[in-house]
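Spelled out, the chains give:
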Amino acid sequence: MADNRNESSYARTKFSTTDLNQLRHQLDTWRQSQSGYRRLPEALWTSAAAVAATHGVGYVARSLRLDYNKLKRQVPQHPNSSALVSTPAFVELPLQTSGPLASTVCRIELSDLTGARMTVDLPYDPTAVVGLAQAFWRRG
């Protein structure tokens, strides 16, 4: 009877969906409270999937000692992830109307959803800037 109460209280627990260390601690606590084989609460899989969506399935599966394939199935898949990467949320290309553009240096700062960042100083050329941004966001 105590196992049922313990199991149901964890089923109602709100697991962390942003902090991997906190989720690992919650999972370890849940595992220590169980005797024998018990399925992980669905709320825990949902939280792990949310963390995996930002940190990567392999990394989260190893960190939490979860089945990689099951976790991968839990992570929501974007139907067209290349469309998400190729359409940045913000791009500003200031146009200067006076002075020679070739001598103007511009700083390009790019980042993506994984947290990768790139900063480049180069002569102003809108075609080169757009090409660089597209190459950065489409890599990998």
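Please refer to the structure placed before this passage.
Please read all numbers here as calculations on a predicted model, not as lab measurements. (Residues numbered from 1 in each chain as written. Predicted model: local features only at pLDDT ≥ 70, side-chain atom pairs only at ≥ 80, totals over all residues. Heavy atoms only, no water.)

S.K.: Looking at this model, I keep getting lost on the nonpolar core. Mind explaining?
M.R.: Across soluble globular proteins, nonpolar side chains have a tendency to be buried as a group. By size, the foremost hydrophobic cluster in this structure holds 18 residues, and its most contacted members are Leu27, Leu40, Val60, Leu64, Leu66 and Leu71. Counting only elements with at least two residues in this core, the list comes to α2 (20-33), α3 (42-55) and α4 (57-64). Take this core: its biggest share by element is 6 residues, from α3. Residues within four places of Leu71 in sequence aside, it is in contact with Trp45, Ala48, Ala49, Ala52, Val57, Val60 and Ala61. (Core = buried A, V, L, I, M, F, W, Y, C linked by side-chain atoms within 4.5 Å. Buried < 20%, exposed > 50% of the residue type's maximum accessible area, 1.4 Å probe, protein only. Helix = DSSP H or I, 4+ residues; strand = E, 2+ residues; numbered from the N terminus. Contact = heavy atoms within 4.5 Å.)

S.K.: How should helix α7 (residues 126-138) be read in this particular structure?
M.R.: The α-helix winds at 3.6 residues per turn, so residues separated by three or four positions along the chain end up facing the same way. Spanning 13 residues, α7 covers 18 Å between terminal C-alpha atoms, matching the ideal 18 Å at 1.5 Å per step. Of all the positions in α7, only Val129, Ala133, Phe136 and Trp137 are classed as buried. Taken end-on, α7 shows its buried residues confined to a sector of 90°, consistent with a single buried face. Along α7, exposed side chains directed more than 90 degrees from the buried face belong to Thr127 and Arg138. (Expected span 1.5 Å × (residues − 1). Arc of directions from axis to C-beta.)

Everything listed is a geometric property; what it means functionally is a separate question.
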